[in-house]
Amino acid sequence: MPRFCANIGFLFPEIPFLERFEAAAEAGFAGVEFASPYEFTAAELRSQLRAAGVHLVLINSPAGDRAKGERGFACLPARTGIFRDGIEQALDCATSLDCKLIHVMAGVPPADLPYDTALALYATNLAWAAERAQTAGIKLTIEPLNPRDAPGYLLRTQEQGAAIVAAIGRDRIRLQFDIYHCQTAQGDVTTRLEKLLPAIEHMQLADVPGRHEPGTGEINYPFLFDRLDELGYTGWGGCEYAPLGDTLEGLAWRQRYGV
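Here the residue index of a chain counts from 1 through its sequence in written order. At least 70 in pLDDT is required for a residue's local features to be given in this predicted model, at least 80 for side-chain atom pairs to be given and counted, and no such filter applies to totals for whole chains, interfaces and linings, which use all residues. Hydrogens and water molecules were not included; the side-chain quantities draw on all heavy atoms of the structure.

1. Things to note about the pairing of strand S3 (residues 55-60)
Among the six residues that make up S3, five are buried, leaving the element largely enclosed by the rest of the structure. DSSP bridges decide pairing: two strands pair if at least two such bridges lie between them. Numbering of helices and strands runs from the N terminus; a helix is a DSSP stretch of H or I covering at least four residues, while a strand is a stretch of E covering at least two. Note that strand S2 (residues 31-33) and S3 share three bridges and pair parallel. Along S3, the bridge assignment pairs Gly31 with His55. By convention, orient the strands away from the viewer: a clockwise path from the first strand over the helix to the second makes the crossover right-handed. Crossover handedness for the path S2 to helix H2 (residues 42-52) to S3: right-handed. Buried, partly exposed and exposed residues are distinguished by accessible area as a fraction of the type maximum, computed with a 1.4 Å probe on protein chains only: under 20%, between the cut-offs, and over 50%, respectively.

2. Let's talk about the pattern of salt bridges
Opposite charge on two side chains makes pairing possible when the charged atoms of those side chains draw close. One speaks of a salt bridge when a side-chain nitrogen belonging to Lys or Arg is within 4 Å of a carboxyl oxygen belonging to Asp or Glu. Counting across every chain of the model gives ten salt bridges. Where Glu88 meets Arg132, a salt bridge forms, and the shortest distance between an N and an O atom there is 2.8 Å. Here the residue Glu88 occupies a position in helix H3 (residues 80-96), and Arg132 occupies one in helix H4 (residues 115-136), the gap between them amounting to 44 residues. Exposure remark for Glu88: the relative accessible area of 26% places this residue in the partly exposed category. When its relative accessible area of 30% is taken as the criterion, Arg132 is described as partly exposed. Arg172 serves as the salt-bridge partner of Glu131, at 2.4 Å between the closest nitrogen and oxygen. One end of the pair, Glu131, is in helix H4; the other, Arg172, is in the loop between helix H5 (158-168) and strand S6 (173-178), with 41 residues separating them in the sequence. Here Glu131 falls in the partly exposed class, since its relative accessible area comes to 41%. Overall, Arg172 belongs to the buried group, its relative accessible area being 16%.

3. Quick notes on the sheet that holds strand S7 (residues 200-205)
The sheet built from eight strands closes into a barrel, its strands ordered S1-S2-S3-S4-S5-S6-S7-S8 with parallel pairing. For this sheet, the mean angle separating the axes of adjacent strands, direction not counted, is 30 degrees. H4 contacts strand S5 (139-142) and S6 of the sheet and is inclined by roughly 155 degrees relative to S5. Axis definition: a line fit to C-alpha positions, over the contact stretch in the case of helices; interaxial angles, taken between N-to-C directions, run 0 to 180 degrees. In what follows, a contact means two residues having at least one pair of non-hydrogen atoms within 4.5 Å.

4. Quick notes on H4
In a helix, the anticipated span is given by 1.5 Å times the number of residues less one. Spanning 22 residues, H4 covers 31 Å between terminal C-alpha atoms, matching the ideal 32 Å at 1.5 Å per step. Of the positions making up H4, those classed as buried are Ala118, Tyr122, Asn125, Leu126, Ala129, Ala130 and Ala133. Down the axis of H4, the sector holding all buried residues measures 155 degrees, keeping them to one side. Facing away from the buried side of H4, by more than 90 degrees, are the exposed residues Asp116, Thr124 and Thr135. Where the residues of H4 are buried, they touch H3, S5, H5 and S6. Downstream of H4 by one or two residues, Gly137 has phi in the positive range, about 75 degrees. The arc refers to the directions leading from the helix axis to the C-beta atoms.

Here it is in structure tokens:
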């Protein structure tokens, strides 16, 4: 069974962000994750982590201006310097907060850039970042995103992600398998999990449609959890969903599924 961590960028929206660490701990989570730590000082975040007694499992590399559609810079030819600066910033932040995983955002390539060119630049930048991360004792992950929520995003399928992981090396970079994105973009979640598990370092979950709690949509989570047990997955599972109502009431799914 995955060790569930709270994505506090999504959960507990009813309270201010810096209060969500304690709320996650009180709800029984031993770990938290969130995309962007860059709006706060490391001291502020470290204080909240220590006070709550929770572990920071995962952060993202800087994504840029989401309002402008930016989702990272790794595949953008004119932004290599910005990408490298962002990786250094993410590594400094992760080191300060004792976080061992960084999800590297791929980016949305311009429409006039051939896809293969963008993909080659992405792989080159990832290889550079993986070397820097390995020196820091931190592992990188990459995550395919579905085209409905992230139009134009470079990394679109689990198989693309696994191929890049294989090319760079599983000792340096791994796959972040998001069940919600996989179901939305491709389906056949269980078969893909079974095939790609050796490349997977981290998982995230939400139901489809709506990206709400497990049990609110079409995904058979009891079956998936049982299959993950059979496959021997013991990594983290990030609860990256938008609660339908009150976060604590919505967390009743854990009792229903025996987790």
